[in-house]
Amino acid sequence: MQPDPAPWYSTTLNVWTLATVLVASWTLTKTVTEGWRRTIGRRRYLITRLRKIAPGVRHDYVESLLGEPKWQSMMECTRLTADEAKDADQGDRKVEITVRTWPLSRLGYLVTWGEDDTVVMYGITTISWWFRPRVLIGDTRIRLGKSVFAALADSGEHSAWLGNRRFGYREHHYFGNPGGYRSWYIGVNDIGYNAVSPLFNWFDDADDSRMRLLADRRALYRASAPINTVVISGTTLYEEVQEDHFFGTSLGVDQDTVRLADPEYQVLDSRISRAHRRFRDWRWRMMHRRREKRLGALYDDA
């Protein structure tokens, strides 16, 4: 009786081969996925994360989506009270708001305002032509960096400012119960993409605050200036929001906070830093030419 022939396979060898193939496949998949997220898929990856944020979510939840914020600061606000409680001690109504800012991979910025680890409002600013997310404001869908203010009905609530270096414009839109009692603040941030500043002679001299535009000039501005920033808020909770003092000179991200992280302000020099500075200077010149051309068109129309 002849013994059984030796098997052509080895069980132990096949198990280790299968494990090696699985590990290699998992590593390759992870490398390709991570590379996609950091390059051509970065925009879609960020938009997918941003869609999950809403007023009322926890800060830890936002951090789990986008990592730790790069900037953080504090501000003091006065909580709103009912009419019958107006005589209450104002000190008891003071609350501290934590402002956190995330850079969105040189495509934009996310800013959240939180109280007691709860996000009460958040804002998105685009700084790149490649990052133009769609935003639903009431029943109207706009694209940051492309859609103009005239795409939305004029709410009448607006403010504008123009200084030696900084400028901005914002509007407030509210739709009651159909909009979930949320408020949308849309505007132009001077650090954002395709930012167009209002002109000096467009401001209403009758307004002591110098923050309102003339009606005809504002109509022209709304028809020409793209929206590059949107801030979404829940029910208004603070007096500063109602009095239009909450955002200061920037709707969304503050340019003076984030610009020191740009390559041109880096202390340690390198070839990459110099290349970044040259590219930034070239991009700034192109944006300046587009802005001058756009302002020239607005002057001609006015």
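The structure under discussion appears in the preceding block.
Remember, predicted model here, so these are calculated numbers, not experimental data.

**Student:** Please explain the overall build of the protein chain as it appears in this structure.
**Tutor:** Assigned secondary structure in the protein chain consists of seven helices and 10 strands. Put simply, the protein chain has 302 residues, and 40% of those count as buried. Pairs at least 24 residues apart make up 61% of the contacts formed inside the protein chain by residues separated by at least 6 positions. Accessible surface, the protein chain: about 18,300 Å² in total, of which carbon and sulfur atoms supply 52%.

**Student:** Please explain the pattern of salt bridges as it appears in this structure.
**Tutor:** Two side chains that carry opposite charge are able to pair once their charged atoms sit near each other. With the rule as written, the count across this model stands at 15 salt bridges. With its nearest N and O atoms 2.1 Å apart, the salt bridge here joins Arg-79 to Glu-115. Highlighted residues: Arg-79 in the loop between β1 (71-78) and β2 (94-103) and Glu-115 in strand β3 (residues 108-115), separated in sequence by 36 residues. Since its relative accessible area comes to 30%, Arg-79 is described here as partly exposed. Linked by salt bridges that have partners in common, Arg-165, Arg-166, Asp-190, Asp-254, Asp-256 and Arg-259 make up one network.

**Student:** Honestly, the nonpolar core in this entry has me stumped. Any pointers?
**Tutor:** General note: in soluble globular proteins, nonpolar side chains tend to be found buried as a group. Counting residues in each nonpolar core, the largest one holds 41 residues, and the members touching the most others are Ile-53, Leu-66 and Leu-110. When residues of this core are traced back to their parent elements, those giving at least two are α2 (42-50), α3 (59-66), β4 (118-126), β5 (134-137), β8 (167-174), β9 (183-189), α4 (215-224) and β10 (229-233). No other element matches the four residues that α2 contributes to this core. Ignoring anything within four residues of it in the chain, the contact list for Leu-66 reads Leu-46, Arg-49, Leu-50, Ile-53, Trp-102, Leu-104 and Leu-110. Core analysis: the next-biggest nonpolar cluster, separate from the first, contains 21 residues, Val-99, Trp-113, Tyr-185 and Val-241 among them.

**Student:** I keep staring at the side chain of Asn-228 and nothing clicks. Help me out?
**Tutor:** The topology assignment puts Asn-228 in the loop between α4 and β10. We classify Asn-228 as buried; its relative accessible area is 0%. Among the polar contacts made by the side chain of Asn-228, one reaches the side chain of Thr-229 at a distance of 2.9 Å.

**Student:** What's the story with the packing of aromatic side chains in this structure? I'm lost.
**Tutor:** Note on aromatic pairs: each is described by the distance of the centres and the angle between the planes. Taken as a whole, this structure holds 12 aromatic pairs when the rule is applied. With a centroid separation of 5.7 Å and an interplanar angle of 80°, the aromatic rings of Trp-113 and Phe-247 are classed as edge-to-face. In this pair, Trp-113 sits in strand β3 while Phe-247 sits in the loop between α5 (239-242) and α6 (255-258), placing the two residues 134 residues apart along the sequence. By relative accessible area, which is 10% here, Phe-247 ends up buried.

**Student:** I tried to follow unusual backbone geometry on my own but got confused; where do I start?
**Tutor:** Glycine aside, residues mostly have negative phi angles, and peptide bonds mostly take the trans form. Backbone geometry at Arg-106 places phi at a positive 60°, although glycine is not the residue there. When you line up the elements, Arg-106 lands in the loop between β2 and β3. One non-glycine residue, Asp-244, lies in the positive phi region at around 65°. Its location among the elements puts Asp-244 in the loop between α5 and α6. Note on Asp-244: relative accessible area 29%, which makes it partly exposed.

**Student:** Teacher, can you tell me more about the environment of Thr-126 here?
**Tutor:** Among the secondary structure elements, Thr-126 is positioned in strand β4. According to the relative accessible area criterion, Thr-126 is buried, its value standing at 0%. Measuring from C-alpha to C-alpha, the distance between Thr-126 and Leu-110 comes to 9.1 Å, with 16 residues separating the pair along the chain. Excluding residues that lie within four positions of it along the chain, Thr-126 makes contacts with Leu-107, Gly-108, Phe-131, Leu-144, Gly-145, Gly-192, Tyr-193 and Asn-228. There is a polar contact of 3.1 Å between the side chain of Thr-126 and the backbone oxygen of Ser-128.

**Student:** It is not clear to me how a nonpolar patch on the surface should be interpreted in this structure. Could you clarify?
**Tutor:** Taken together, the side chains of Phe-279, Trp-282 and Met-286 define a hydrophobic patch exposed on the protein surface, amounting to about 310 Å² of accessible area. The partly exposed category is assigned to Met-286, whose relative accessible area is 30%.

**Student:** Explanation requested: the environment of Gly-179 in the structure shown.
**Tutor:** By secondary structure assignment, the location of Gly-179 is in the loop between β8 and β9. With 42 residues separating them along the chain, Gly-179 and Ile-137 place their C-alpha atoms 8.1 Å apart.

**Student:** Before we go on, may I ask you to explain the pairing of β4 in this structure?
**Tutor:** Side chains on a regular strand alternate between the two faces of the sheet. Most of β4 is tucked away, with eight of its nine residues classed as buried. Once β3 ends, the chain turns through two residues before running back antiparallel as β4, passing Asp-116 with a positive phi of about 55°. Sheet topology note: the β4/β10 ladder contains five bridges and is antiparallel. Residue pairing across strands places Ile-124 opposite Val-230, the latter belonging to β10.

Here is what the cut-offs are and how they apply
- Numbering of residues starts from 1 in each chain and follows the order in which that chain's sequence is written.
- In keeping with the model being predicted, local features are shown solely for residues with a pLDDT of at least 70 and side-chain atom pairs are shown and tallied solely at 80 or more, while totals for entire chains, interfaces and linings include all residues.
- Side-chain metrics rest on all non-hydrogen atoms present in the structure, leaving aside hydrogens and water.
- A run of H or I in DSSP becomes a helix once it reaches four residues, and a run of E becomes a strand once it reaches two; helices and strands are each numbered from the N terminus.
- When accessible area is computed with a 1.4 Å probe and restricted to protein chains, residues below 20% of their type maximum are described as buried, those above 50% as exposed, and intermediate ones as partly exposed.
- Whether two residues touch is decided by their heavy atoms; if any such pair falls within 4.5 Å, the residues are in contact.
- Exposure was quantified through the Shrake-Rupley algorithm and a 1.4 Å probe, taking into account, for residues, occlusion by the shown protein chains and nothing else.
- Salt bridges, as used here, are contacts in which a Lys or Arg side-chain nitrogen is within 4 Å of a carboxyl oxygen on Asp or Glu.
- Residues belong to a common nonpolar core when they are buried Ala, Val, Leu, Ile, Met, Phe, Trp, Tyr or Cys residues joined through side-chain atoms within 4.5 Å.
- Here a polar contact is taken to be a pair of N or O atoms separated by no more than 3.5 Å, where protein atoms must pair a possible hydrogen donor with a possible acceptor and residues adjacent in sequence count only if both atoms sit in side chains.
- Only Phe, Tyr and Trp rings are paired, with Trp represented by its six-membered ring, and only when their centres lie within 6.5 Å; those with planes under 30 degrees apart are stacked, over 60 edge-to-face, the remainder tilted.
- Residues enter patches when their relative accessible area tops 30% and they take part in no salt bridge; the joining distance is 9 Å for like charges and 5 Å for the nonpolar side chains Val, Leu, Ile, Met, Phe, Trp and Tyr.
- Two strands qualify as a pair provided DSSP detects at least 2 bridges between them.

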